[in-house]
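# Descriptive structure summary
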Amino acid sequence: MTRISLFGVLAMTIVVVASNILVQYPIGTWLTWGAFTYPLAFLVSDIVNRLEGAAAARRVVYAGFATGLACSAIGTQIIGEYGPLVTMRVALGSGIAFLTAQLIDVMIFDRLRARAWWQAPFISTFVGSSLDTAIFFSIAFSTTLTLLEPGNDVSWAAQPTALLGFGPEVPFWVSLGFADWLVKIAVDLLALLPFRFAIHRFTARVA
């Protein structure tokens, strides 16, 4: 494994572990601290993709997926005030969303790598983040998928509320997902700066 790939695996592991911890701490009504760290997973895979190629980026993704599974397994054994910190639906949604979104991100980035420097990381992360949000919140909280875990009461997430407190009436989980998506896109834009810096530093050393 090259030094860059090792950096990618370590960075992805840190991001996934930190996000699984920070998701337990809410910020207001719609967000948790984990919403601000999790999008950095796309930055990590995109940097490795640019420097080492799609195959190396996929290995980093698989490492992050394995780390996420381990975190979910541990979370199911920790009982909080309302039951296990991680339910089966949350674990399933998290794993499927992460793997699907990250692999789509890697594929799109690879196809756009010859374009302007910002297009591949921005577009691939935008699509990946959107998929991640839609898949996770639908699997974890939608009442249409109650059969996945009948014993898990998600009726609280189905309560109709105004979108983010002021929009049209939607299930509560839709507001959670929409707020999460907005943060992901904001981080996507901000992450272009460290992406550019990392690529510049590496190419300057090679030169």
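Keep in mind that this is a model prediction, so the values were computed, not measured.

## Comments concerning the side chain of Thr-87
With respect to the helices and strands, Thr-87 occurs in the loop between strand S4 (83-84) and helix H5 (88-112). A distance of 3.2 Å separates the side chain of Thr-87 from the backbone nitrogen of Val-90, its partner in a polar contact.

## Here we look at helix H3 (residues 40-52)
The terminal C-alpha atoms of H3, which comprises 13 residues, lie 18 Å apart, in line with the 18 Å expected from a rise of 1.5 Å per residue. All buried positions along H3 are accounted for by Ala-41, Phe-42, Leu-43, Val-44, Ser-45, Asp-46, Ile-47, Val-48 and Asn-49.

## Considering helix H1 (residues 3-22)
The periodicity of an α-helix, 3.6 residues per turn, causes residues three or four positions apart to be oriented the same way. With 20 residues, H1 extends 28 Å from end C-alpha to end C-alpha; this agrees with the ideal 28 Å at 1.5 Å per step. Among all positions in H1, only Ile-4, Ser-5, Gly-8, Val-9, Ala-11, Met-12, Val-15, Val-16 and Ser-19 are buried.

## A short note on the nonpolar core
Residues Met-12, Ala-41, Val-44, Val-48, Val-60, Phe-98 and Val-106 are the most contacted members of the largest nonpolar core, which totals 19 residues. Of all the secondary-structure elements, those providing two or more residues to this core are H1, H3, helix H4 (54-76) and H5. Per-element accounting of this core gives the leading share, six residues, to H4. When sequence neighbours within four positions are dropped, the list of residues in contact with Phe-98 reads Met-12, Val-16, Tyr-38, Ala-41, Val-61, Gly-64, Phe-65 and Asp-132. With eleven residues, the next largest nonpolar core counts Ile-135, Phe-136, Ile-139 and Phe-141 among its residues.

Procedures and definitions
- Residues numbered from 1 in each chain as written.
- Predicted model: local features only at pLDDT ≥ 70, side-chain atom pairs only at ≥ 80, totals over all residues.
- Heavy atoms only, no water.
- Helix = DSSP H or I, 4+ residues; strand = E, 2+ residues; numbered from the N terminus.
- Polar contact = N/O pair within 3.5 Å; in protein donor to acceptor, adjacent residues only side chain to side chain.
- Expected span 1.5 Å × (residues − 1).
- Buried < 20%, exposed > 50% of the residue type's maximum accessible area, 1.4 Å probe, protein only.
- Core = buried A, V, L, I, M, F, W, Y, C linked by side-chain atoms within 4.5 Å.
- Contact = heavy atoms within 4.5 Å.

By themselves these figures say nothing about function.
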